[in-house]
Amino acid sequence: MAMDSKAMSASAIVADSVSGSHVLKIEGYSRTKELSNGEIIQSSTHSMWEAIAGLSVTTLMEFRAEDTTKFVTVPPSDMHQHIGRLLSSGAEADVTFQVGEETFAAHRLVLGARSSVFMAELFGPMKEKHTSQIHVEDIEPGVFKAMLHYIYTDSLPEMEKGDASAMAQHLLVAADRYSVERLKEACFKFLRSPGNLKKIMDSDGFQHLTSSCPSLIRELLANVAP
């Protein structure tokens, strides 16, 4: 049976940057035909055309566009360099630490942001909140300086290779004391090496650490145990 030309409809979807589907909806008919991009409706391939001659045909095109535009690509962070210059220059420092014979200038906000202990010490009800100089006991100046460097830059300064194991041991104690958790975990990771662990266990400092910080030693051994 010949088909009325008014009842025929053909369409094609050509899209470079969108994805979607072509849905043919026939009023009065309960079935639909989904087509992919680039396909067209061919009347000769659907036997139903003979049954619906004379009916009006409505085609609905549904598209879902995906935005592939990337946001501004930000270069690697150099914030640690800027914050580190605050420490090295001492600019606008508002607190100093007396450690042995050395004095270190620092910034309360930076220390408080990086350490919950410093936050409580400098901004809580403790007496150091109202003083500009704090005396630190039981930490060597070099160890305190290295910890400050880490707090400001998220990295450690270069040190002599032979001093690495001893420094890691002292930094572990300092990081635990001031709750600098990332530094503490870094020390545990370094000491996890069997060679490093054996070296510090054979040292006099480890015996002192065992007697003075038993809980920390238990945590250390729990981290390095296989």
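Residues numbered from 1 in each chain as written. Predicted model: local features only at pLDDT ≥ 70, side-chain atom pairs only at ≥ 80, totals over all residues. Heavy atoms only, no water.

Colleague: I tried to follow the packing of helix H4 (residues 141–153) against helix H5 (residues 164–177) on my own but got confused; where do I start?
Modeller: Between H4 and H5, the shortest axis-to-axis distance is 10 Å and the interhelical angle comes to 65°. Judged by the inter-axis angle, H4 sits roughly perpendicular to H5. Relative to H5, the crossing made by H4 is right-handed. Of H5, the residues touching H4 (which contributes Gly142, Val143, Ala146 and Met147) are Met167, His170, Leu171, Ala174 and Ala175. Along the lines of polarity and charge, the residues of the contact of H4 with H5 split into seven nonpolar, two polar and no charged. (Axes fitted to C-alpha atoms, helices over the stretch in contact; angles between N-to-C directions. Helix = DSSP H or I, 4+ residues; strand = E, 2+ residues; numbered from the N terminus. Parallel < 35°, antiparallel > 145°, perpendicular 65-115°, else oblique. Left-handed = near helix turned anticlockwise from the far one by under 90°. Contact = heavy atoms within 4.5 Å. Nonpolar A, V, L, I, M, F, W, Y, C, P; charged D, E, K, R; others polar.)

Colleague: What exactly am I supposed to notice about the packing of H5 against helix H6 (residues 181–191) here?
Modeller: Helix-helix packing is characterised by the crossing angle of the two axes and by the distance between the axes. Close contact between H5 and H6 brings their axes to 9 Å; oriented N to C, the two are set at 145°. Between H5 and H6 the crossing geometry is left-handed. Taking contact as the criterion, the partners of Ala164, Ser165, Ala168, Leu171, Leu172, Ala175 and Asp176 in H5 are, on H6, Leu183, Lys184, Cys187, Phe188, Phe190 and Leu191.

Colleague: Would you take a moment to explain the sheet that holds strand E5 (residues 102–106) for this structure?
Modeller: Note on sheets: strands pair through backbone hydrogen bonds, and any given pair is parallel or antiparallel. Judged by pairing direction, the sheet is mixed, and its three strands sit side by side in the order E5-E4-E6 without closing on themselves. Strands at the two margins of the open sheet, each flanked by one partner only, are E5 and strand E6 (133–136). Across the sheet, the axes of successive neighbouring strands diverge by a mean angle of 25°, strand direction being ignored. In this sheet, E5 lies alongside strand E4 (residues 95–99) in antiparallel orientation, the contact comprising five bridges. The residue bridging glutamine 98 from the neighbouring strand is threonine 103, located in E5. Most of the contacts of H4 go to E5, to which it runs at about 10°, and overall it touches E4, E5 and E6. (Pairing = 2+ DSSP bridges.)

Colleague: I tried to follow the pairing of E6 on my own but got confused; where do I start?
Modeller: The side chains of a regular strand alternate between both faces of the sheet. The alternating pattern of E6 places Ile134 and Val136 on a buried face and Gln133 and His135 on a face that is not buried. The sheet contact formed by E4 and E6 spans four bridges and is parallel. Each bridged residue has a counterpart across the sheet, and for threonine 96 the counterpart in E6 is glutamine 133. (Buried < 20%, exposed > 50% of the residue type's maximum accessible area, 1.4 Å probe, protein only.)

Colleague: Where do I start with the packing of aromatic side chains in this structure?
Modeller: Here a ring pair, both rings aromatic, is described through the centre-centre distance and the interplanar angle of the planes. This model, assessed by the stated rule, comprises five aromatic pairs. For the pair phenylalanine 97 and phenylalanine 144, a centre-to-centre distance of 5.2 Å together with 50° between the ring planes defines the contact as tilted. Residue phenylalanine 97 is located in strand E4, and its partner phenylalanine 144 is located in helix H4; the two are separated by 47 residues in the primary sequence. In this structure phenylalanine 144 comes out as buried when scored by relative accessible area, which is 0%. Between phenylalanine 104 and phenylalanine 144, the ring centres sit 5.9 Å apart and the planes meet at 40°, which makes this aromatic pair tilted. Within this pair, whereas phenylalanine 104 is found in strand E5, its partner phenylalanine 144 is found in helix H4, the two being separated by 40 residues in sequence. Accessibility expressed as a relative area gives 10% for phenylalanine 104, which makes it buried. An aromatic cluster of three or more residues is present, and its members are Phe97, Phe104, Phe118, Phe144 and Tyr178. (Phe/Tyr/Trp six-rings, centres within 6.5 Å; stacked < 30°, edge-to-face > 60°.)

Colleague: So what exactly am I meant to see when it comes to the pattern of salt bridges here?
Modeller: Pairing is possible between side chains of opposite charge, provided their charged atoms come close. Evaluation of the coordinates by the stated rule reveals four salt bridges. The residue aspartate 154 makes a salt bridge to arginine 114 at a minimum N-O spacing of 2.9 Å. A residue pair is termed long-range when its members are at least 10 positions apart, and aspartate 154 in the loop between H4 and H5 and arginine 114 in helix H2 (residues 108–114) qualify at 40 residues. Of the residues examined, aspartate 154 reaches a relative accessible area of 34% and is grouped as partly exposed. Salt-bridge contacts for aspartate 154 lead to arginine 182; the nearest nitrogen and oxygen are separated by 2.7 Å. Of this pair, aspartate 154 sits in the loop between H4 and H5 while arginine 182 is found in helix H6, placing the two residues 28 residues apart along the sequence. Residue arginine 182 is classed as exposed on the basis of its relative accessible area, which comes to 55%. Linked by salt bridges that have partners in common, Arg114, Asp154 and Arg182 make up one network. (Salt bridge = Lys/Arg side-chain N within 4 Å of Asp/Glu carboxyl O.)

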